[in-house]
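Geometric and topological summary
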Amino acid sequence: MYSACASKVASCTDVLAEEGEVHVALCRGQGGTPADKPMREWHNSWQVVAMAALGGFILSDVYPFSCEAVPGYKSTGYRSQDKSFHVEGALNHIFTRSLPFEGLQPRIFRIKLGDQWFSFPEPEALVGKLNRGFLEAPSCHPVKTINEKLIAELDKAFPLKRVKCSFPLLPQGGTGVVTSWNCDILSAAFWISFHEDNANSESLTGGTTEDLEDCLVSFSELSLPKSPGRDSKEEAHEGIYSQSKICLRPSLLVHVQAVIQAPDFLPGSLHILSGPVFQKCRISPFTMPAFHETLFIFGFSENLKDGCLQSLLDHLKGILDNLLTQTFLEGSKLSSSVEFVFQPNGKDYMINVKSHNLGPDCAKDLIIGSVITSDTSILHKDQCFVFVSMNLDLLAMLVWSISDWRMLWTFDNRFLKNFVPGKIEPFKSYSLYPPCYVHDISFWLDDKKGFDELEFHTLARAVSQDTVISIQFLSRFQHPKTEQVSLCYRLTYQTCDKALTRQQVASMQTQFRKEIQQQLHVTPR
């Protein structure tokens, strides 16, 4: 039954047009998806989505099957007997082509400092997320749309000044002033190494190569650490740059000092930076290793602090409430409420959203941003500053009801077709009911090396190409004689935009076992 379904769908691959569809009609309950009422046990169904994945197809739509809607359809009966199929409750499953998994390879980026070229590889946990240009002028991506709406509304109440954001490379020490609000900002950063690169782009292997021409000046101005007695040209030739610690920007807050100390900084105006940021994080539905941030920097006289801060918070709350409460369909209203939660330090806020738009996984409050106030003594004696940071990806997910953050980074063109200029309508996924695959892994710890759970999650992202959606700690065991400690975790694999097969997941799990042994110094059991 399973193999017949898989082979029939796979046989369409060579003859189907690029945007063609494969229709599979099944009796009630046979599909094995939540669309079936009632839904059968997984093993007692055709497992139609998993079987189609073997041929590189995803389920894009499902609706009731109607004999009258199919010209020439005739039920021949069960095994040609006088026993017709039960078409009541039958469903028509619409499958479309999936983007191939193998198409996404790490890229190599090249950057020129002075007269010397350097290259660095894209971190495996961030493959496909660097240099995407979602906030650039030609983009119609929802994160750009929501950013422009947010800025346009604030422009009605405050004078604005937009600051160009450089490519997100940051040398060690590039954060400038270390304060209570950015002292831990680099603890979860992605660190990279520069390598001298005199090769032509065409001669490089191991991935796609991209030259970062438009960020050369901005990065050179960050001034990498220099060794005494050497000029920058001498350092470049001796590989000093490649020995420097360089990370991908974990937050736009690292640029605060540069903006405030710029000669054209205007107190009383909102200075705005927008750009991608990258942070290592544990795997969960609403935490992401890459997202787009917008940062508002507001400076004002100390005697106006309370009034300016309250005015900014009031306007932000009104704008966000309006964006997050949208009437899409007649009789259907999506509800969200914004709350500024005062922090224990007595001066900062977290921007929380209570939302029911994203399903059961969004039962708790989502933190979509923060409001940070600085002491006057830190930067300027006569001025106070407020920094408002917003996660544009989470905001876009809430506004358009996009339940999976990974969808924002897809290369599938069908994603952007959901967004019509001037309209905000709920996002309709083109990949329905993707199957989940569960694997457990247990390993012995090395007492001398220790165990970093954040690196464990980051490695799972890299090996699985972001298909691990959950890592659950199951148990800890200590051997009674050797006292060696073993940990056990459960990994759940699922995609949001591609066909994923059981065989691919098994291969990833095998590779993951090898990687944790090599990189985390544990011994798989």
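Everything discussed here concerns the structure shown above.
Report on the accompanying structure. All values derive from a computational prediction rather than experimental measurement.

Thoughts on the environment of glutamine 517
- Residue placement: glutamine 517 occurs in helix α11 (residues 502-519).
- Assessed through its relative accessible area of 43%, glutamine 517 is described here as partly exposed.
- The spatial distance from the C-alpha of glutamine 517 to the C-alpha of leucine 445 is 9.9 Å, given a sequence separation of 72 residues.

Structural notes on α11
- When the terminal C-alpha atoms of α11 are compared, their 25 Å separation across 18 residues agrees well with the 26 Å that a helix rising 1.5 Å per residue should span.
- Among all positions of α11, only Val505, Met508, Gln509, Phe512, Glu515 and Ile516 are buried. Buried residues along α11 cover an arc of 130° about the axis, so they all sit on one side. Exposed and oriented more than 90 degrees from the buried face of α11 are Gln503 and Gln518.
- In this fold, the buried residues of α11 make contact with β20 (437-444), α10 (453-464), β22 (485-493) and β23 (523-524).
- Note on α11: the residue one or two positions beyond its end, histidine 521, has a positive phi of about 60°.

Quick look at the side chain of lysine 129
- Inspection of the secondary structure assignment puts lysine 129 in the loop between β5 (116-121) and α3 (142-155).
- Overall, the relative accessible area of 8% leaves lysine 129 in the buried class.
- A polar side-chain atom of lysine 129 sits 2.8 Å from a polar atom in the side chain of aspartate 466.
- Leaving out residues up to four positions away in the same chain, lysine 129 has contacts with Arg107, Glu122, Phe278, Ala290, Trp405, Trp409 and Asp466.

Considering the environment of valine 371
- Along the chain, the position of valine 371 falls in strand β18 (residues 366-374).
- A sequence separation of 76 residues divides valine 371 from leucine 295, and the C-alpha atoms of the two residues are 9.8 Å apart.
- Among residues more than four places away in sequence, those in contact with valine 371 are Leu309, Leu313, Phe340, Asp348, Tyr349, Ile351, Val386, Phe387 and Val388.

Side note on a nonpolar patch on the surface
- A grouping of Val70, Tyr73 and Val87 is seen on the molecular surface, where their side chains present a nonpolar patch of about 200 Å² in accessible area.
- As for its position among the elements, valine 70 is in the loop between β2 (57-64) and β3 (91-97).

Some remarks on the sheet that holds β22
- Spatially, the four strands line up as an open sheet ordered β21-β22-β20-β23, and their pairing is antiparallel. Each having just a single partner strand, β21 (468-478) and β23 make up the two edges of the open sheet.
- Where β21 and β22 come together, nine bridges link them in antiparallel fashion. Considered in β22, the bridge of glutamine 472 is made with arginine 490.
- Against the sheet, α10 makes contact with β20, β21 and β22, and its axis sits at roughly 135° relative to β21, the strand it touches most.
- Sheet strands touched by α11: β20, β22 and β23. Its angle to β20, the strand with the most contacts, is close to 15°.

As for the sheet that holds strand β1 (residues 22-26)
- In spatial order, the strands read β1-β3-β2; together these three strands make up an open sheet with antiparallel pairing. Looking at which strands have only one partner, the edges of the open sheet turn out to be β1 and β2. Across this sheet, the average inter-strand angle for adjacent strands is 25°, counted without regard to direction.

Remarks on the pairing of strand β12 (residues 270-278)
- Where burial is concerned, most of β12 is hidden: eight out of the nine residues are buried.
- As defined by bridge partners, strand β6 (residues 160-162) adjoins β12 across three bridges and the pair is classed as parallel. Bridging across to β12, arginine 162 finds its partner in isoleucine 272.
- Here β12 runs beside strand β13 (residues 290-301); their pairing, made up of nine bridges, is antiparallel. Looking at the pairing, proline 276 lines up with histidine 292 of β13.

Digging into the side chain of asparagine 391
- You can see asparagine 391 is positioned in strand β19 (residues 383-391).
- One polar contact links the side chain of asparagine 391 to the main-chain amide nitrogen of aspartate 393, over a distance of 3.0 Å.
- When sequence neighbours within four positions are dropped, the list of residues in contact with asparagine 391 reads Met288, Phe291, His292 and Ile368.

Regarding helix α9 (residues 392-400)
- Of all nine residues in α9, nine are buried, a share of seventy percent or more.
- Within the sequence span of α9, burial applies to Leu392, Asp393, Leu394, Leu395, Ala396, Met397, Leu398, Val399 and Trp400.
- Of the residues flanking the start of α9, the one acting as N-cap is asparagine 391, its side-chain oxygen 3.0 Å from the backbone nitrogen of aspartate 393.
- Of the residues trailing α9, serine 401 is marked for its positive phi of about 55°.

Some words on the pattern of salt bridges
- In total, this model carries 14 salt bridges according to the counting rule given.
- Notably, a salt bridge pairs lysine 161 with aspartate 264, separated by 2.7 Å at the nearest N-O pair. Separated by 103 residues along the polypeptide, lysine 161 in strand β6 and aspartate 264 in the loop between α7 (256-261) and β12 bring together distant segments of the chain.
- Connected via shared salt-bridge partners are Lys129, Arg461 and Asp466.

Notes on unusual backbone geometry
- In this structure, the amide linkage connecting lysine 37 to the following residue, proline 38, adopts the cis form with an omega of 0°.
- Relative to the assigned elements, proline 38 resides in the loop between β1 and α2 (48-53).
- Here glutamine 47, not a glycine, exhibits a phi torsion of approximately 50°, which is positive.
- Note that glutamine 47 resides in the loop between β1 and α2.
- Since its relative accessible area comes to 9%, glutamine 47 is described here as buried.
- For serine 401, which is not glycine, the phi dihedral falls at a positive 55°.
- Considering the arrangement of structural elements, one finds serine 401 in the loop between α9 and β20.
- The buried category is assigned to serine 401, whose relative accessible area is 16%.

Reading guide: rules and limits
- Residues numbered from 1 in each chain as written.
- Predicted model: local features only at pLDDT ≥ 70, side-chain atom pairs only at ≥ 80, totals over all residues.
- Heavy atoms only, no water.
- Helix = DSSP H or I, 4+ residues; strand = E, 2+ residues; numbered from the N terminus.
- Buried < 20%, exposed > 50% of the residue type's maximum accessible area, 1.4 Å probe, protein only.
- Expected span 1.5 Å × (residues − 1).
- Arc of directions from axis to C-beta.
- Contact = heavy atoms within 4.5 Å.
- Polar contact = N/O pair within 3.5 Å; in protein donor to acceptor, adjacent residues only side chain to side chain.
- Patch = residues over 30% accessible without salt bridge, like charges linked within 9 Å, V, L, I, M, F, W, Y side chains within 5 Å.
- Areas by Shrake-Rupley, 256 points an atom, 1.4 Å probe, with all protein chains shown as cover.
- Salt bridge = Lys/Arg side-chain N within 4 Å of Asp/Glu carboxyl O.
- Pairing = 2+ DSSP bridges.
- Axes fitted to C-alpha atoms, helices over the stretch in contact; angles between N-to-C directions.

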